[in-house]
Amino acid sequence: GCGWASTLGCIERHWPACKAGVLTSSTAVMLVALLLHNNYAERNESQNTAVSDFGVAILNSLTPGAVFFMKGDLVGNAVRYHHYCEGLRPDVHLLDLELMTFEWYVPMMQKHLPQMIFPGSQPCYRNGPKHFNMKQLLDTNYEQFLAFHVFKNMNEADDSYLASYHIFHAGLTFRVLRQGDPLDLQLWLENGLKAVPNFPVPSEDKYDERTWEAVVRQEYLAAAVYLSMFFEDIARTHPDPSVVRECWQASLRNYVRLFEREQAKNTTLPVFWDKNIGVAASNLESLVQDEGQQRRLRSIRHRHWRRYLQSGAQDTQIQAIRDVLLAEGVI
């Protein structure tokens, strides 16, 4: 197509000592070398462990002895590999929400998980009198296992469990709790902080939104936000002022800890983190009586809201934040 054969023939006629085979081989080597030189740095994935790190972080975030409901290719494949091939977290049990809808899957899993009871005369995760829904599965097995976790959510088409169970954020996963079970907020925060992932975040410049690495990056950063939001949701509705204060303290502690950690790693953080930290500090400031604590919280709020204003974020609340800082003489 490029006249390569004619070019080689012309060279051989004028310079008989030059053989076509030698020229072809030399040219091919040079072209390969040129491609490597121009593209190796960008295409080198030998140090890319993002998906592997993600799978390890999910497994390590689970409560000892937990059952983990998986869903989707990224989570399922990353977790399965490390659990079944590398032997990581042999104490936990994996169930795939999507595969559980097939009749062949449940009998296979019963061999690996004999203590799990799958209800129904033809047990699989489907509607119908012969099968089971999530409420029936949880009701039958809740006392047999130490905990149940799910990555983000259950099957959207099945809301059978919602009246009987809560799904609370617990680091990188969500944990299922039965309605009425006690919730120790300090212990939940302590365990949640341990379960928030901590590994090198894939570069936003190198991996765009079409890649699995971008999904890993999003889930990594979301894990910290969701943990704080979990405590904030309780704070906004709980009738006990001491619990409300405890929840805002937990939210702020989580945010500040993770903000400082990721800044030290030069991670590019979403600008709304600064806004949220300021909101948590502001709410807690109104709940404490100690003047020293109030000054410290005000300083945190000022610092992060100034950063948020400087970020150029498009936000309907930007003007309200600016007005507060102007009234306090900060800007």
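Computed from a predicted structure; not experimentally measured.

Right, let's talk about the overall build of the chain for a bit. Helices and strands together make up the secondary structure of the chain, namely 12 helices and 5 strands. Counting over 331 residues, the chain shows a buried share of 41%. Here the analysis covers contacts within the chain between residues at least 6 apart in sequence; of these, 58% occur between residues at least 24 apart. Taken as a whole, the chain presents about 18,400 Å² of accessible surface, with 54% of it coming from carbon and sulfur.

Our next topic: the packing of helix α9 (residues 241-264) against helix α11 (residues 291-310). Contact geometry of α9 with α11 gives a least axis separation of 13 Å together with a crossing angle of 50 degrees. Considering their axes alone, α9 and α11 lie oblique with respect to each other. Helix-helix and strand crossings are classified by hand; for α9 and α11 the assignment is left-handed. Together, Leu252, Phe259 and Gln263 of α9 and Leu297, Ile300, His304 and Arg307 of α11 make up the contact between the two elements. Its residues assigned to classes, the contact of α9 with α11 shows 4 nonpolar, 2 polar and 1 charged.

Given a rise of 1.5 Å per residue, 14 residues ought to cover 20 Å, and the 20 Å separating the end C-alpha atoms of helix α10 (residues 272-285) matches this to within 8%. Among the 14 residues of α10, 10 are classified as buried, and the element is accordingly described as predominantly covered. When we look at burial in α10, the residues that qualify are Trp273, Asp274, Lys275, Asn276, Ile277, Gly278, Ala280, Ala281, Leu284 and Glu285. The secondary structure elements touched by the buried residues of α10 are α8 (212-237), α9, α11 and α12 (318-327).

We now examine the pairing of strand β1 (residues 67-70). Here β1 shows two buried faces, one formed by Val67 and Phe69 and the other by Phe68 and Met70. Bridge count for β1 against strand β2 (residues 93-96) is 4 bridges, and the pairing is parallel. Directly across from Phe69, in β2, lies its bridge partner Leu95. This β-α-β element, β1 to helix α4 (residues 73-85) to β2, shows right-handed connectivity. As judged from the 3 bridges shared by β1 and strand β3 (residues 148-150), these two strands associate in the parallel manner. Bridging across to β3, Phe68 finds its partner in His149.

Once that is clear, we can look at the sheet that holds β2. Overall, mixed pairing links the 5 strands, which are arranged β2-β1-β3-β5-β4 in an open sheet. The open sheet terminates on both sides in strands that have one partner only, identified here as β2 and β4 (165-169). The sheet shows a mean angle of 30 degrees between the axes of neighbouring strands, taken without regard to direction.

Note on placement: Thr267 falls in the loop between α9 and α10. With a relative accessible area of 15%, Thr267 lands in the buried category. Only 2.8 Å separates the side chain of Thr267 from the side chain of Glu262, close enough to count as a polar contact. Discounting residues that sit within four places of it in the chain, Thr267 has contacts with Val201, Leu221 and Glu262.

Before going further, it helps to examine the side chain of Asn276. Mapped onto the fold, Asn276 is located in helix α10. Aside from chain neighbours lying at most four places away, what touches Asn276 is Val225 and Tyr255.

Moving on: the confidence of the model for the chain. In this model, the chain carries a mean pLDDT of 88, and residues with pLDDT of at least 70 account for 87%. Ranking the helices and strands of the chain by mean pLDDT puts β3 first, with 97, and helix α1 (residues 4-14) last, with 60.

What follows concerns a nonpolar patch on the surface. There is a patch of nonpolar side chains on the surface, built from Phe102, Trp104 and Met108 and spanning about 310 Å² of accessible area. In this fold, Met108 is placed in helix α5 (residues 105-112). With relative accessibility at 36%, the residue Met108 sits in the partly exposed group.

All right, on to the pairing of β4 then. Direction of pairing for β4 relative to strand β5 (residues 174-178): antiparallel, over a ladder of 5 bridges. Along β5, the bridge assignment pairs His169 with Phe174. In textbook terms, the turn of a hairpin is the stretch between consecutive antiparallel strands, and for β4 and β5 this stretch comprises 4 residues, one of which, Gly171, has a positive phi near 100 degrees.

Taken as a whole and judged by the stated rule, the model has 19 salt bridges. Between Arg89 and Asp91 there is a salt bridge, and its shortest N-O distance comes to 2.8 Å. For Arg89, a relative accessible area of 13% gives the class buried. Since its relative accessible area comes to 30%, Asp91 is described here as partly exposed. Taking the shortest distance from any N to any O, the salt bridge between Glu219 and Lys152 comes out at 3.1 Å. Here the residue Glu219 occupies a position in helix α8, and Lys152 occupies one in the loop between β3 and β4, the gap between them amounting to 67 residues. Glu219 sits in the buried class, given a relative accessible area of 13%.

Conventions and cut-offs
- Residues numbered from 1 in each chain as written.
- Predicted model: local features only at pLDDT ≥ 70, side-chain atom pairs only at ≥ 80, totals over all residues.
- Heavy atoms only, no water.
- Helix = DSSP H or I, 4+ residues; strand = E, 2+ residues; numbered from the N terminus.
- Buried < 20%, exposed > 50% of the residue type's maximum accessible area, 1.4 Å probe, protein only.
- Contact = heavy atoms within 4.5 Å.
- Areas by Shrake-Rupley, 256 points an atom, 1.4 Å probe, with all protein chains shown as cover.
- Axes fitted to C-alpha atoms, helices over the stretch in contact; angles between N-to-C directions.
- Parallel < 35°, antiparallel > 145°, perpendicular 65-115°, else oblique.
- Left-handed = near helix turned anticlockwise from the far one by under 90°.
- Nonpolar A, V, L, I, M, F, W, Y, C, P; charged D, E, K, R; others polar.
- Expected span 1.5 Å × (residues − 1).
- Pairing = 2+ DSSP bridges.
- Right-handed = clockwise from strand over helix to strand, strands pointing away.
- Polar contact = N/O pair within 3.5 Å; in protein donor to acceptor, adjacent residues only side chain to side chain.
- pLDDT = per-residue confidence, 0-100.
- Patch = residues over 30% accessible without salt bridge, like charges linked within 9 Å, V, L, I, M, F, W, Y side chains within 5 Å.
- Salt bridge = Lys/Arg side-chain N within 4 Å of Asp/Glu carboxyl O.

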